[in-house]
Amino acid sequence: MNEKDEELKIVDLELLITIAILGAIFLSELDKYNTHLKLSNKKPFWNDLEARNVLIISKIIISIAAIITFLLAIKNIEDLKQKNQNLNNAYINALAAFFFVLSALLLLIGVLKYPSESIIVAEEVIL
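Read on for a plain summary of the structure. (Residues numbered from 1 in each chain as written. Predicted model: local features only at pLDDT ≥ 70, side-chain atom pairs only at ≥ 80, totals over all residues. Heavy atoms only, no water.)

## Let's talk about the environment of alanine 24
Inspection of the secondary structure assignment puts alanine 24 in helix H1 (residues 3-39). Once the C-alpha coordinates of alanine 24 and isoleucine 60 are considered, the two residues, 36 residues apart in sequence, prove to be 8.8 Å apart. Excluding anything up to four places from it in sequence, alanine 24 contacts Ser58, Ile61 and Ile62. (Helix = DSSP H or I, 4+ residues; strand = E, 2+ residues; numbered from the N terminus. Contact = heavy atoms within 4.5 Å.)

So, in structure tokens, the structure goes:
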């Protein structure tokens, strides 16, 4: 496999990650609209368990995308080292990707550890 094919695969993977993140954002927005319907005393399209599951799926998608992004950043550093090119920008990208992984995993842990928090917030606003 030549260098161009490998770069093309990386770009394709980055496009898939972007689509996955956009899908997760769409799920999150649907969850927010579901909460809006619930607070407006209208019929929501998801019950509390379904809304929680959608939120968990969204956070899992974001976490996987973050991990892949971090791995791609590390691969980029290795490729640049082999080519003896400047690594400053690559290190900054890897650091940003690391913080993306950290924040995504913390959000996922929060949803898994405190499953009723989003539901409780919605009920407290009604009171």
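The discussion continues.
## Here's the deal with unusual backbone geometry
For asparagine 41, which is not glycine, the phi dihedral falls at a positive 60 degrees. Locating asparagine 41 in the fold gives a position in the loop between H1 and helix H2 (48-82). The backbone of asparagine 84 shows a phi angle near 55 degrees, a positive value even though the residue is not glycine. Examined against the element boundaries, asparagine 84 turns out to sit in the loop between H2 and helix H3 (88-113).

## Some details on the pattern of salt bridges
Enumeration over the complete set of coordinates arrives at three salt bridges. In this structure, the salt-bridge partner of glutamate 6 is lysine 75, at a minimum N-O distance of 2.3 Å. Placement of the pair is glutamate 6 in helix H1 and lysine 75 in helix H2, with a sequence separation of 69 residues. A salt bridge links aspartate 48 to lysine 38; the shortest N-O distance between them is 2.7 Å. Of this pair, aspartate 48 sits in helix H2 while lysine 38 is found in helix H1, placing the two residues ten residues apart along the sequence. Judged by relative accessible area, which is 31%, aspartate 48 ranks as partly exposed. Among the residues examined, lysine 38 registers a relative accessible area of 21% and is labelled partly exposed. (Salt bridge = Lys/Arg side-chain N within 4 Å of Asp/Glu carboxyl O. Buried < 20%, exposed > 50% of the residue type's maximum accessible area, 1.4 Å probe, protein only.)

Structural measurements only, silent on function.
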